[in-house]
Amino acid sequence: MGYMDIALEEAKRAMKLGEVPVGAIIIKDNKIISKAHNLKETLNDPTAHAEILAIQKATKVLKNWRLSGCEMYVTLEPCPMCAGAILQSRISKLHIGTFDEKTGACGSVLNIVQNDNLNFFLDLKWEYNEDCSNLLSSFFKYRRR
Ligand SMILES: [Zn+2]
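Residues numbered from 1 in each chain as written. Predicted model: local features only at pLDDT ≥ 70, side-chain atom pairs only at ≥ 80, totals over all residues. Heavy atoms only, no water.

Glancing now at the packing of aromatic side chains. What the rule picks out here adds up to three aromatic pairs. Ring centres 5.2 Å apart and planes at 55 degrees place the aromatic pair Tyr 3 and Tyr 73 in the tilted group. Of this pair, Tyr 3 sits in helix α1 (residues 3-16) while Tyr 73 sits in strand β3 (residues 70-74); the two residues are 70 residues apart in sequence, bridging distant segments of the chain. (Phe/Tyr/Trp six-rings, centres within 6.5 Å; stacked < 30°, edge-to-face > 60°. Helix = DSSP H or I, 4+ residues; strand = E, 2+ residues; numbered from the N terminus.)

Right, dumping it as structure tokens:
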């Protein structure tokens, strides 16, 4: 199973809770050190996005706020808040499963993670995993019903 598939498993756990299905995992030296999914509704916390929770877990595991050398796999393009947190955490590489044309901050609406005006550099890799977008569209279709 690829890393994006493992992030997708996390997204499905969010879906089961009625959360927007987004999952994120963090890898260091080819080992998964953190897994998280969106818990905004469950925790009543607008900052409880999968990426933020994954960063918080990873920094506890490493006992270091700097996640340089780590890679994140996330099923949906991060929003501005998460993109900012990813930069602050010094994550080295970001793999994105599908774009978010409404709030994506990695190129769709804004590009925070690769911006010459900010003093950060992040290696960005679009994976374009169809399952990531299908999961989201089925969630929103179900919720509209
Ligand atoms: Zn976010």
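A separate point is the pairing of strand β4 (residues 93-96). In terms of strand pairing, β3 meets β4 through four bridges, oriented parallel. Following the sheet pairing, Tyr 73 is matched in β4 by His 95. Between β3 and its parallel partner β4, the chain crosses via helix α4 (residues 80-89), and the hand of that crossover is right-handed. Bridging between β4 and strand β5 (residues 123-126) involves four bridges; their strand directions are parallel. Paired with His 95 across the two strands is Lys 125, which belongs to β5. (Pairing = 2+ DSSP bridges. Right-handed = clockwise from strand over helix to strand, strands pointing away.)

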